[in-house]
Amino acid sequence: MRWRIMSSVCENNRLYVATFFLHYHTVPTQAIANTPTFNHVPTPCKLARLNKAMHILYATDCDVDSCTYVSLLQACVQKKALAEGKLVHSHITENGFMADTLLHNTLLNMYVKCGSLADARKVFEQMPQPNVCSWTMMIAAYARYGPAEEGLALFYHMQRYGFQPNHFTFSSVLSACAHLTSLEHGVEIHQQIIINGLQSHISVANALVDMYAKCGNIEIARDVFDKIPKPDVVSWTILIAGYTHLGHVNDALKLFKKMPHRDVVSCNAMIAGFAQNGLMDDAVKLFNEMPQRDVVSWNALIAGYAQNGLFNEALRFFMEMPQPNEVSWNTMIAGFAQNGFLDKAMNLFKEMPQRSVVSWNAIIGGLVHHGNIDEAIKLFKAMPRRTILSWNTMIAGYAHNGLVEEALQLFEKMPQRDVVSWTAVIAGFARNGRGEESLKLFQQMQLVGVEPDSKTFTSILPACADVAALEQGKEVHENIIRSGFQTNILVVNALIDMYAKCGNIQRAHALFNKMHQQDIVSWTTMIAGYAMHGFSKEALMLFEQMKHTSVVPDHVTLLCVLAACSHAGLVNEGYHYFHCMNEYYITPTMDHYNCMVDLLGRAGYLDEAKDFIKKMPIAPDATVWNSLLSACRTYNNVELGEYVAKHVFELDPKDATPYVLLSNIYAAAGRWADIEKVRKLMNYRDLKKTPGCSWIEINNKVHAFLIEDRSSP
């Protein structure tokens, strides 16, 4: 009877009364478990009443049982009240309550739903008897909130500890594979699912379709879908989204038309698919044909217009929307801000009836992306509440605009840091040519116990490459293997680049060959590595091999091929590949023209290089002329060198390089008076030669040396 009273008051948002009742009318745990109302989840109470319940919890000395704690924690979940949830957890601990698995799982759920995975992980690791539900909750949390790699690792750990995954577990870990686009792990887990006879379970089958589609294997996704005995609306919608994500809009539309029952969700997926592929007329047509629309329908259309740069249309639909929600406002603000329409974004931000932290982050993100740092920091300081994302957005903005010292200062002021925070400053220093500081930050990150994710690794590896820190690069590689990222294509590409730039081309090639699937970056990085070290024959052979795959070369790939020809003096081959760019609908850029001039100059065809420059359809920049000037230095061509130097002086008068090259040309010809003129001109223009710099790695520490530098032992 007492428990029915508790249920009644909870249903009427009187949680604090229910809690008070429980404090003075406790029953044995077994009785609770056998009571039908035990599994009743209290409806959300107002925050003030939750606070009153917390006050009663701490103001009385009565014993509290598991059911009371569970009810309070569930209420905290409903209200996303993390602070109150931590107080309940603290009460459990301080009173020495022996929590059972159910209560531990409820704590896990509270921390996950309230956005504190770190606390959830601590609870999980302290559980004396975790069950399959415990493991699955953690796997699902990492799959949803990241890092997904951790969810995948936990899936394998649970089996090593003797726990058998159920259909919820498989669905969750497949979501992690989809997030990581890890087809290799997805296929392996699919085999486990078949062994366990769960391939026909609708939630597992849907997760399989989603995983294969997001990993780019739409054929197997369709095969799995076709084998589902009774596909539900979710099954159809997932496959439609998969087709549109990969650009197969016609296949998606055929499937959409075959659906026995369409709902608003499937229509929204099709609208989003049309929009994603730039087919806004089709998106609007379907939108107008929908018998019923929800707020997601409007948001999908508005987002589509914004993504395709049609902001006037997006604004028109936004104004026509019956009841724009927070997502609608944020979509418009983010769309305007990210595309440089900062005034319109700011006006919408000011008009927004209720700004959330997402709205603040959206406008700040747009400002920093377009270099308006001063305005961004003003808004950042004015924020009523900052999340860790707010701090990370501002730090990344500083770093993106080259203000790495400011980024570091803000980073050091953060009340709490996550892996994204560390990665932002590490990447900022690496991108701005300060690899040594980047490596030090990475070491500090590990010392404080923050686990790097895939983005951290793809940020630190270029720093290793830039300062030729091979031994530290190898240590990072070992860390990658321990963390389970060795199959992540972005990480492997960064590893190939690091090994190639650090001189270990054999290790780079071995990694390339072991890849399950190479993308355009993989091929281009490997070709560039060969070209860099003078293995031009291998670079061209690899390019020819690439042409027989489904990967289409881009402008960067052709640039690396031309560089390979240049380093080996392969003039005919260089012309061939330069002209074959038309086959791939690639318009040569300044870099391609510069590479051809460098090729002709290295081979000694100086006059031909000069004629090539004159025939360029675009005006040559200083870099192109400098390439020819360097060749004049190599072949001691004074007359042409003087002609070329004049062009460089006009285009880039502040660069000391052409003055030094011309001076060297004069020196080789014994024209000392002309050398003195060049030196006087450099002094007049206050130009100084940039000193050469070398790096050496000793005991995993990188030392930099400048010419005539006596500061190092």
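Further up the page is the structure itself.
Caption draft 1: Seen up close, the overall build of the protein chain. Assigned secondary structure in the protein chain consists of 42 helices and two strands. Across the 713 residues of the protein chain, 49% fall into the buried class. For the protein chain, contacts bridging at least 24 residues in sequence account for 60% of all contacts bridging at least 6. A total accessible area of about 35600 Å² is found for the protein chain, and carbon and sulfur atoms account for 52% of it.

Caption draft 2: Highlighting the environment of T423. Position of T423 among the secondary structure elements: in helix α27 (residues 419-431). Using a relative accessible area of 9% as the deciding quantity, one classes T423 as buried. Along the backbone, T423 and D453 are 30 residues apart, and their C-alpha atoms lie at a distance of 8.6 Å. Filtering out sequence-adjacent residues up to four positions away, T423 remains in contact with D453, K455, T456 and S459.

Caption draft 3: Broad picture of the packing of aromatic side chains. Under the counting rule described, the total for this entry stands at 27 aromatic pairs. Between F318 and W329, the aromatic rings sit 5.0 Å apart at their centres with planes inclined by 85°, giving edge-to-face as the arrangement. Taken as a pair, F318 in helix α20 (residues 311-320) and W329 in helix α21 (residues 326-338) lie far apart in primary sequence, eleven residues in all. Pairwise contacts between aromatic rings join F124, W135, Y161 and F163 into one cluster. It is R355 that lies over the ring of F349; its NZ or CZ is 4.5 Å from the centre. One Lys or Arg, R417, reaches over the ring of F411 and ends 4.3 Å from the middle of that ring.

Caption draft 4: Examining unusual backbone geometry more closely. Residue G146 is joined to P147 through a cis peptide bond whose omega torsion reads -5°. Turning to its location among the elements, P147 is positioned in the loop between α9 (132-145) and α10 (148-160). One non-glycine residue, K80, adopts positive backbone phi at about 55°. Within the secondary structure layout, K80 lies in the loop between α5 (66-79) and α6 (82-94). Taking the relative accessible area as the measure of exposure, K80 reaches 53% and is therefore exposed. Look at Y585: it is not a glycine, yet its phi comes out positive at around 55°. By secondary structure assignment, the location of Y585 is in the loop between α36 (571-579) and α37 (590-602).

Caption draft 5: Representation of helix α11 (residues 167-180). Taking 1.5 Å per residue, 14 residues should reach 20 Å; α11 reaches 20 Å between its end C-alpha atoms and fits that length. Burial analysis of α11 places ten of its 14 residues in the buried class, which makes it a mostly covered element. Buried residues belonging to α11 abut α9, α10, α12 (183-195) and α13 (202-214). Positive backbone phi, approximately 50°, marks T181, located one or two places after α11.

Caption draft 6: Looking closely at the pattern of salt bridges. Evaluation of the coordinates by the stated rule reveals 17 salt bridges. Here E405 and R434 are joined by a salt bridge, their closest N and O atoms 2.6 Å apart. Here the residue E405 occupies a position in helix α26 (residues 404-413), and R434 occupies one in the loop between α27 and α28 (435-447), the gap between them amounting to 29 residues. Sharing partners across several salt bridges, the network here consists of E642, R671, D674 and K677.

Caption draft 7: Highlighting the nonpolar core. Of all hydrophobic cores here, the largest spans 224 residues; its most connected members are I189, I363 and M394. Each residue touching M394, except ones within four places of it in the same chain, is listed here: I364, V368, I373, A376, I377, F380 and L410.

Caption draft 8: Structural view of the packing of α9 against α10. Between α9 and α10, the shortest axis-to-axis distance is 7 Å and the interhelical angle comes to 160°. When the axis of α9 is compared with that of α10, the two are roughly antiparallel. The hand of the α9/α10 crossing is left-handed. Residue-level inspection shows V132, W135, M138, I139 and Y142 of α9 in contact with α10, the latter providing A148, E150, G151, L154, F155, H157 and M158.

Caption draft 9: A look at the packing of helix α15 (residues 233-245) against helix α16 (residues 249-258). Contact geometry of α15 with α16 gives a least axis separation of 7 Å together with a crossing angle of 160°. Taken together, the axis directions place α15 and α16 in an arrangement best described as roughly antiparallel. With respect to the hand of their crossing, α15 and α16 are arranged in left-handed fashion. Here W236, L239, I240, Y243 and T244 of α15 lie close against α16, whose contacting residues are V249, D251, A252, L255, F256 and K258.

Here is what the cut-offs are and how they apply
Residues numbered from 1 in each chain as written. Predicted model: local features only at pLDDT ≥ 70, side-chain atom pairs only at ≥ 80, totals over all residues. Heavy atoms only, no water. Helix = DSSP H or I, 4+ residues; strand = E, 2+ residues; numbered from the N terminus. Buried < 20%, exposed > 50% of the residue type's maximum accessible area, 1.4 Å probe, protein only. Contact = heavy atoms within 4.5 Å. Areas by Shrake-Rupley, 256 points an atom, 1.4 Å probe, with all protein chains shown as cover. Phe/Tyr/Trp six-rings, centres within 6.5 Å; stacked < 30°, edge-to-face > 60°. Lys NZ or Arg CZ within 6 Å of the ring centre and 35° of its normal. Expected span 1.5 Å × (residues − 1). Salt bridge = Lys/Arg side-chain N within 4 Å of Asp/Glu carboxyl O. Core = buried A, V, L, I, M, F, W, Y, C linked by side-chain atoms within 4.5 Å. Axes fitted to C-alpha atoms, helices over the stretch in contact; angles between N-to-C directions. Parallel < 35°, antiparallel > 145°, perpendicular 65-115°, else oblique. Left-handed = near helix turned anticlockwise from the far one by under 90°.

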